[in-house]
There are 2 protein chains.
Amino acid sequence: VDEFALIQRIRRLFEPTGSPGPGIVLGNGDDAAVLDTDGEGLVATTDSLVEGTHFRWDLCRPRDVGFKAAAVSLSDLAAMGARPLALLVSFTLPADLDDKQVIGVSRGLARACRGFGVSVVGGNVAGTQGPFEVNIAALGRTLDGRYLTRSGARPGDLVLVSGHLGSAALGLAVLMDEDVPSNRYRTLVRAFLRPEPRLELGLSVLETPGVHCAMDVSDGFLADLGHLVRASGVGARVEVDRLPLCKEALRFQAAGGPDPVTAALNGGEDYELLVCDDPEALGRLQALGLSPVGTVNGRKGRIDLYRHGRKYPVPKNTGYKHR
Amino acid sequence: VDEFALIQRIRRLFEPTGSPGPGIVLGNGDDAAVLDTDGEGLVATTDSLVEGTHFRWDLCRPRDVGFKAAAVSLSDLAAMGARPLALLVSFTLPADLDDKQVIGVSRGLARACRGFGVSVVGGNVAGTQGPFEVNIAALGRTLDGRYLTRSGARPGDLVLVSGHLGSAALGLAVLMDEDVPSNRYRTLVRAFLRPEPRLELGLSVLETPGVHCAMDVSDGFLADLGHLVRASGVGARVEVDRLPLCKEALRFQAAGGPDPVTAALNGGEDYELLVCDDPEALGRLQALGLSPVGTVNGRKGRIDLYRHGRKYPVPKNTGYKHR
């Protein structure tokens, strides 16, 4: 199935005129939608974690699932530079699921809400003959009606990312390999189980002059940069040697683990921010913890990888992939 | 599994102080939550349709599923007296699902959006090893910050319902019985496949002086009246002979179909409005198409049924039930 082609077809059905409806400032296609509610923008987004697709009960605790479900939806608000306001939580429950697991998931969710300053204001419970799912719709507010989109990158911009790339995918690799002691790679495992939405960073990036564009890295750096360059009508050159890697990723590789560069390029679920900006903003963004990893050019929809000045082949997607 | 007990436990985790967080006017437990966004209230709710639990592909078209998914979520806004603003749509897709079915569901959703004056502003697609699911978060606005809750009923109030009760459950019975020609019971079948959220009616009820309380009938009249009397700290007496029944329901019964009174009391998914008000408001509410079916009293949490002045036993739940 070509997921993105399907999503494009669905979007055309929902926005037949190609533009959002009345009261809608920014419709489908970005990290979140923006609605006009009397001057202050309301930001809305939704995301799901499905058992068997996004997590396995044997690799994590119920609390991790709940925490991550909240974090994943809040990450979309962070990418817009929005402040979180409220969550709606929908559980899809198999008949044979122990109530303790649902309560555990809820505890993790409540923990994330306290940590990120947001409330669960509503929800739904539905039964299923299939796997467990938690879906979270996150609502936020813009700062004075301003927000960051993925469509604003311009040729000449720098490409920056926050934190480290590939850690979550390597954390999953640690958990899935019974021969790897997970307590030796706590940072990687934590990146996978307990991602932190970059909410404060998103607000700081929004306030930085010269920033044109932001999104979060959820599908994997290359996949998401692909979304960004297509939405912006530009291309990008990435310096592979500049990708920020976690020390544990290098230690894991030395012990026989996967290539951390491939994990950084293709691994999903980092939930870091990807930002494009005027070169003048570099110092301020570096001070916020962002690393420059490339430049934007006019080669529409293309991404070229370089390592030490030489072309670097796009690695096949060896990370795990889900819809 | 005791669904309501589980939901109460989850709610306590999300609202440990028993009161909603800052910026939240009305939290978990009503048809929808109300958030304070600079004076005008934002109303938010979420609902799911799960294949095998709420619908079967062999009993309806994909368009019906999409239409109903939108209608079910919008019905919660109607019950608050809110105007719809935007929907977030989440699909959970089995790998073997034909794209045509997803497109069909989306067409039905888009049709409902046009009909009810609302836009899909965002969404998500997730893969699953289980059944298809569509989850919809609906956002709406209050009229001048006013809204209807399920907790405002007072002893001495009348109990009224809109439209007919039990039609949806009987429509499902028609569809499930291969020996019943469904084209003879189009109104019943339509009530099940294409429920109409009572959005205009909800606004009119909100504007009617003397109305204290409203909710929609989704779990079944008796179950939902039970939620209402518990939330309001009151009891209710229902005149079973006054329950508004569709003519086709009586015709179906004469042809060997189920008892329409039992369907009206226990059948789910009517998506009509249940309203409690001062007796003085009766004329105005009847003019809006609401029927008086009972009275509110002080017998906390109790519901008594009467038929022609005699006690009527609560029928066992013979309707289909889902979480």
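Placed above this text is the structure.
Computed from a predicted model, the values in this text were never measured in an experiment. (Residues numbered from 1 in each chain as written. Chains lettered and ligands numbered in written order. Predicted model: local features only at pLDDT ≥ 70, side-chain atom pairs only at ≥ 80, totals over all residues. Heavy atoms only, no water.)

### Remarks on the sheet that holds strand β3 (residues 40–50) of chain B
Residues and elements named next belong to chain B.
- Reading across from one edge, β1-β2-β3-β6-β4-β5 is the order of the six strands in this open sheet, with mixed pairing throughout. One side of each edge strand has no neighbouring strand; the edge strands of this open sheet are β1 (24–26) and β5 (119–128). Averaged over all pairs of adjacent strands, the angle between their axes in this sheet comes to 25 degrees, without regard to strand direction.
- In this sheet, strand β6 (residues 133–141) lies alongside β3 in antiparallel orientation, the contact comprising nine bridges. Counted as the bridge partner of Leu49 is Val134 from β6.
- Of the strands in this sheet, β1, β2 (33–37), β3, β4 (83–94) and β6 touch helix α2 (residues 62–80), which is tilted by about 145 degrees from β3. (Pairing = 2+ DSSP bridges. Helix = DSSP H or I, 4+ residues; strand = E, 2+ residues; numbered from the N terminus. Axes fitted to C-alpha atoms, helices over the stretch in contact; angles between N-to-C directions. Contact = heavy atoms within 4.5 Å.)

### Regarding the packing of α2 of chain B against helix α3 (residues 99–116) of chain B
Residues and elements named next belong to chain B.
- One can describe the packing of α2 onto α3 by two numbers: an axis separation of 6 Å at closest approach and a directional angle of 45 degrees. Relative to α3, α2 is oriented oblique. As for the relative orientation of α2 and α3, their crossing is right-handed in sense. Across the interface between the two elements, Pro62, Arg63, Val65, Gly66, Phe67, Ala70 and Leu74 of α2 pack against Gln101, Gly104, Val105, Arg107, Gly108, Leu109, Arg111, Ala112 and Phe116 of α3.
- Its residues assigned to classes, the contact of α2 with α3 shows nine nonpolar, four polar and three charged. (Parallel < 35°, antiparallel > 145°, perpendicular 65-115°, else oblique. Left-handed = near helix turned anticlockwise from the far one by under 90°. Nonpolar A, V, L, I, M, F, W, Y, C, P; charged D, E, K, R; others polar.)

### Examining the interface of chain A and chain B
- Each partner contributes residues to the interface: chain A has 64 residues there, and chain B has 64 residues.
- Between chain A and chain B, a total of about 5300 Å² is buried, with carbon and sulfur atoms accounting for 63% of that surface.
- Along the contact surface separating chain A from chain B lie zero salt bridges.
- Counting every contact that joins chain A to chain B gives 10 residue pairs in polar contact (both at pLDDT 80 or more).
- Sorting the residues of the side of chain A that touches chain B by element identifies α1 (3–14), β2 (33–37), β3 (40–50), β4 (83–94), α3 (99–116), β5 (119–128) and β6 (133–141) of chain A as the ones contributing at least two each.
- By residue number, the principal contributor to the side of chain A that touches chain B is β5 of chain A, which donates 10 residues.
- Tallied by class, the residues present in the side of chain A that touches chain B amount to 30 nonpolar, 22 polar and 12 charged. (Buried area = accessible area lost by both parts, 1.4 Å probe. Salt bridge = Lys/Arg side-chain N within 4 Å of Asp/Glu carboxyl O. Polar contact = N/O pair within 3.5 Å; in protein donor to acceptor, adjacent residues only side chain to side chain.)

### As for the environment of Gly289 of chain B
Residues and elements named next belong to chain B.
- Looking at the element boundaries, Gly289 is found in the loop between α10 (282–287) and β11 (290–297).
- For Gly289, a relative accessible area of 40% corresponds to the partly exposed category.
- Along the backbone, Gly289 and Lys300 are 11 residues apart, and their C-alpha atoms lie at a distance of 28 Å.
- Setting aside residues up to four positions removed in sequence, Gly289 forms contacts with Val161, Ser162 and Gly163. (Buried < 20%, exposed > 50% of the residue type's maximum accessible area, 1.4 Å probe, protein only.)

### Describing a positive patch on the surface
- On the surface, Arg9 and Arg12 of chain A together with Arg63 and Arg107 of chain B cluster together into a patch of positive charge.
- Within the secondary structure, Arg12 of chain A sits in helix α1.
- Arg12 of chain A sits in the exposed class, given a relative accessible area of 54%. (Patch = residues over 30% accessible without salt bridge, like charges linked within 9 Å, V, L, I, M, F, W, Y side chains within 5 Å. Areas by Shrake-Rupley, 256 points an atom, 1.4 Å probe, with all protein chains shown as cover. Lys, Arg positive; Asp, Glu negative; His and termini not counted. Charge placed at Lys NZ, Arg CZ, Asp CG, Glu CD.)

### Observations concerning the relation of the copies chain A and chain B
- Superposing chain A onto chain B takes a rotation of 180 degrees plus a shift of 0.0 Å along the axis, which leaves an RMSD of 0.0 Å. Look at the turn and shift together and you get a two-fold axis relating the two. Residue Gly130 of chain A, judged by its C-alpha, is the member of chain A lying nearest the rotation axis, at 2.1 Å.
- Of the residues that chain A buries at the interface, 100% are likewise interface residues in chain B, meaning the two copies contact each other through the same surface. (Least-squares fit on C-alpha atoms with pLDDT ≥ 70 in both.)

### Describing the sheet that holds β6 of chain A
All names here are of chain A.
- If you walk across this open sheet you meet the six strands as β1-β2-β3-β6-β4-β5, and the pairing is mixed. Since the sheet does not close on itself, it has two edges, and those belong to β1 (24–26) and β5, each with one partner. This sheet shows a mean twist of 25 degrees between the axes of neighbouring strands, independent of strand direction.
- With respect to the sheet, helix α2 (residues 62–80) is in contact with β1, β2, β3, β4 and β6, its orientation differing from that of β3 by roughly 145 degrees.
- On the sheet, α3 packs against β4, β5 and β6 and is oriented at approximately 175 degrees with respect to β4.

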